[in-house]
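Report on the structure
Listed below are the residues making up each chain.
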Amino acid sequence: MELSSFFPTFCSPDLLLFIAPLWIAVVVGVLVGWVWRPSWARDDKLFTFFNNNLPRPAATTTTTTTVPSFESRQVYKEKSGFVTGDDFRHLWNLVEVKDGGPAWIQMMDRSTTTFSYQAWRRDPHDGPPQYRSRTVFEDATPEMVRDFFWDDDFRSNWDDMLLFSSTLEACKDTGTMVVQWVRKFPFFCSDREYIIGRRIWDAGRVFYCVTKGVQYPAVPRQSKPRRVDLYYSSWCIRAVESKRGDGEMTSCEVLLFHHEDMGIPWEIAKLGVRQGMWGAVKKIEPGLRAYQRAKAAGAGLSPSAIMAQINTKVSVEEFMNERDSTGEVAGDEKPSSGKNIPKMLVVGGAIALACTLDKGLLTKAVIFGVARRFARMGKRM
């Protein structure tokens, strides 16, 4: 389904050795700040920082999910919209670079013989970092790639971060789904839970696939895993010409737009994404090839892959000319975490870490460099 695996991932196990020292620096900084806290620092603010950023013990009680009546679900869906035409408009504007956001800064350009990958990032003034990528798979159809990313049952074969998935609702008319995911995070963070609404629009074999975090009272929050509210991961899938130069439209292009607020300082998340991006992306292509082989051998479609084939047919030109739009709604949420980390805590932690963990100048330069970046961030993380 959603392509968060393109950007996971400072959560990848390969990055534990890279991220753990930075996280330790923050923890040490908190302790230093607590000892020498200024008079304006209140206890409740510091404990709020701990509660929002450190792992919590596993809950000892089991919460029973109460499913609301059909009538209440209908009223709630009409109110929340889950995934609507405005979400399609927003994704279309992103694809056409007409959303009015900041300019994209290229991060990566890599390729193999069977696929190519490019990635960009931008930093809005009021939210977490946003990522855009373009992946081209050779010898793949848009329909196959669409089903592959929507297939939660098969995803566990290639996405080792996915611990649990469940379909909460599925509309056979529009193809709209609400799914629950639990994703594995490193040992110093609790795992994360996602309640995701998703839907596909078909503009003549150009598939606009929207997935985003939605509110779903039928699944109560728990202390662990921690729920991620701000989540957006949507893409456009279409056929493109093969890089073999034979003029055949036998390749498939995936344009992805992704951002989320995982409850981790955004600058640390950006460092992790940069370090782990290529390693995570390389795992996707073998998964797609295994999926193609399975389908060629006659493997049936899973329930989620069947839902991927229920699309809303649309003419982009007619749709975008409609005047009843209420405006773009996706990605407007303003996250609360990741901002305003006190300078003393970060710098103090960096100093303690640099002086105790490593004598090398390079390691110290990296740690102090991160600390200086945090100190200059202000409200823009």
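Given the structure is predicted, the values throughout are model-derived calculations rather than measurements.

1. Here we look at the side chain of Glu285
Relative to the assigned elements, Glu285 resides in helix H8 (residues 284–296). Excluding residues within four positions of it along the chain, Glu285 makes contact with Thr114, Phe115 and Phe137.

2. Regarding the environment of Ser302
For Ser302, the location among the structural elements is in the loop between H8 and helix H9 (303–308). Residues contacting Ser302, with those up to four places away along its chain left out, are Asp151 and Asp153. One polar contact links Ser302 to Asp151, side chain to side chain, over a distance of 2.8 Å.

3. Digging into the pattern of salt bridges
Counted under the stated rule, the structure contains 21 salt bridges. One salt bridge in this structure joins Asp159 and Arg183, with 3.2 Å as the shortest N-O distance. In this pair, Asp159 is assigned in the loop between helix H6 (152–155) and strand S4 (162–170) and Arg183 in strand S5 (residues 177–183), connecting sequence segments 24 residues apart. The class of Asp159 is buried, set by a relative accessible area of 5%. One salt bridge in this structure joins Arg221 and Asp229, with 2.6 Å as the shortest N-O distance. Note on Asp229: relative accessible area 34%, which makes it partly exposed. If you follow the salt bridges from partner to partner, you end up with Arg121, Asp123, Glu267 and Lys270 in one network.

4. As for the packing of aromatic side chains
For the coordinates displayed, the defined rule picks out 16 aromatic pairs. Consider the rings of Phe88 and Tyr208, whose centres lie 5.1 Å apart with planes at 80 degrees: the pair is edge-to-face. You can see Phe88 sitting in helix H4 (residues 85–95) and its partner Tyr208 sitting in strand S7 (residues 207–213), a full 120 residues away along the chain. Tyr208 gets classed as buried once you look at its relative accessible area, which sits at 4%. Where Trp104 meets Phe257, the ring centres are 6.3 Å apart and the plane angle is 55 degrees; that geometry is what we call tilted. Placement of Trp104 in the loop between H4 and strand S1 (105–111) and of Phe257 in strand S10 (residues 251–260) is noted, with a sequence separation of 153 residues between them. Grouping residues by exposure puts Trp104 and Phe257 together as buried.

What counts, and at which threshold
- Residues numbered from 1 in each chain as written.
- Predicted model: local features only at pLDDT ≥ 70, side-chain atom pairs only at ≥ 80, totals over all residues.
- Heavy atoms only, no water.
- Helix = DSSP H or I, 4+ residues; strand = E, 2+ residues; numbered from the N terminus.
- Contact = heavy atoms within 4.5 Å.
- Polar contact = N/O pair within 3.5 Å; in protein donor to acceptor, adjacent residues only side chain to side chain.
- Salt bridge = Lys/Arg side-chain N within 4 Å of Asp/Glu carboxyl O.
- Buried < 20%, exposed > 50% of the residue type's maximum accessible area, 1.4 Å probe, protein only.
- Phe/Tyr/Trp six-rings, centres within 6.5 Å; stacked < 30°, edge-to-face > 60°.

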